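Residue-level structural notes
Each chain is listed here by its residues.
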Amino acid sequence: MSYRPQLSSASAVLTREVEVLDERGRASVIAIPAERPLTVYVDKRELVTLMTLGGAPEALTLGYLRNQRLVTALEDIVSVQVDWDVDAVAVTTRNGIASLAERTSKQVVTTGCGQGSVFGGLMDDVDRIALPPNARLAQSTLYRIVDAVRIQQSIYKQAGSVHGCALFSASGEMLSFVEDVGRHNAVDAIAGQMWLDGTEGADKVFYTTGRLTSEMVIKGAQMGIPFLLSRSGTTQMGHMVAERIGMTLLARCTGKHFLLLTGQERLVYEPGTADVLRYA
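Residues numbered from 1 in each chain as written. Predicted model: local features only at pLDDT ≥ 70, side-chain atom pairs only at ≥ 80, totals over all residues. Heavy atoms only, no water.

If you look the protein up in an unreviewed UniProt entry, it shows as Sulfur carrier protein FdhD from [Empedobacter] haloabium. Quoted verbatim from the Subcellular location (unreviewed entry) heading of the UniProt record, the comment on the protein is "Cytoplasm". According to UniProt, the comment filed for the protein under the heading Function (unreviewed entry) is "Required for formate dehydrogenase (FDH) activity. Acts as a sulfur carrier protein that transfers sulfur from IscS to the molybdenum cofactor prior to its insertion into FDH." (UniProt positions renumbered as here; feature names shortened; annotations may be inferred.)

So, in structure tokens, the structure goes:
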């Protein structure tokens, strides 16, 4: 059995009900996302405060540490313990994190919601990332993925104001779906779960409702995933990084429409597929 650190199980309530008045003064009750702070402590040193729904705080913490390149091996982490009474998570490592103060002294706040940030040089290690050149995604599978997200029961449909990310197999099977107040948190939570489960990304497809920024592309690449899909658009730097590392980037994925931006060789077009009825 693969190694897993000691983990709490501290999933929080994802929505709360509030009373509102409409434009005619009529009262009603609606659900809103239950955003809350989660301060990350590594070996008793305060690192960062993440704003999160709290649905998968342990996986979020692990994915954050992995995607910030602060921890490279799961075996280096002894435990991850979340305590919502103090809105904090305590991470204990086996041997500490070398030069933690120096490595976290330069913070880059990234575009978008959810307080996205990275430590150190944004492009560090990007050129060493190798994505599988022979991975392929059929056009019909792309449509299956988009439709699966469309019919997925979600906090967004209930309360709005959140981003969602999903991990799919190459055949279009949804393997994981996470929502949070920021797309950065959602992708980190999936990265953390992949880490815990020993899931490789080479034959996977990643979907996000948010923009394809440079940070999102880099995080997807660090997870080893060759395909990154979004119902939104991309940024110039996100496009540049995807071209540089050879990632297949697809934006504006809604219904039968999509824009294939980079890595065109991996998408298998199927004549007539865009004209057939949508999946039930």
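Things to note about the packing of aromatic side chains
Here a ring pair, both rings aromatic, is described through the centre-centre distance and the interplanar angle of the planes. For the coordinates displayed, the defined rule picks out two aromatic pairs. Plain terms: the ring middles of tyrosine 143 and phenylalanine 258 are 6.1 Å apart, the flat faces sit at 55° to each other, and that makes the pair tilted. Placement of the pair is tyrosine 143 in helix H3 (residues 139–151) and phenylalanine 258 in strand S16 (residues 257–262), with a sequence separation of 115 residues. Classification of tyrosine 143 by relative accessible area gives buried; the value is 4%. The class for phenylalanine 258 is buried, based on a relative accessible area of 12%. (Phe/Tyr/Trp six-rings, centres within 6.5 Å; stacked < 30°, edge-to-face > 60°. Helix = DSSP H or I, 4+ residues; strand = E, 2+ residues; numbered from the N terminus. Buried < 20%, exposed > 50% of the residue type's maximum accessible area, 1.4 Å probe, protein only.)

Remarks on the sheet that holds strand S15 (residues 248–254)
Backbone-to-backbone hydrogen bonds join strands into a sheet, with any given pair of strands oriented parallel or antiparallel. Read from one edge of the open sheet, six strands run S12-S11-S13-S14-S15-S16, paired in mixed fashion. The strands lining the two open edges of the sheet, one partner per strand, are strand S12 (174–180) and S16. Between one strand axis and the next, the sheet turns by 20° as a mean value, whatever way the strands run. The pairing of S15 with S16 spans four bridges and is antiparallel. Bridge pairing in S16 places leucine 249 opposite threonine 262. Across the face of the sheet, helix H7 (residues 236–245) comes into contact with S15 and S16 while running at roughly 60° to S16. (Pairing = 2+ DSSP bridges. Axes fitted to C-alpha atoms, helices over the stretch in contact; angles between N-to-C directions. Contact = heavy atoms within 4.5 Å.)

Overview of the pattern of salt bridges
Between side chains of opposite charge, pairing is possible as soon as their charged atoms come close. Under the definition given, this model contains five salt bridges. The closest approach of N and O atoms between aspartate 197 and arginine 4, which form a salt bridge, is 3.3 Å. Highlighted residues: aspartate 197 in helix H5 (residues 183–197) and arginine 4 in the segment before strand S1 (6–7), separated in sequence by 193 residues. For aspartate 197, a relative accessible area of 43% corresponds to the partly exposed category. Among the residues examined, arginine 4 registers a relative accessible area of 36% and is labelled partly exposed. The partner of lysine 204 in a salt bridge is aspartate 203, and the shortest N-O contact between them spans 2.6 Å. Via salt bridges that share partners, Asp188, Glu215 and Lys219 belong to a single interconnected network. (Salt bridge = Lys/Arg side-chain N within 4 Å of Asp/Glu carboxyl O.)

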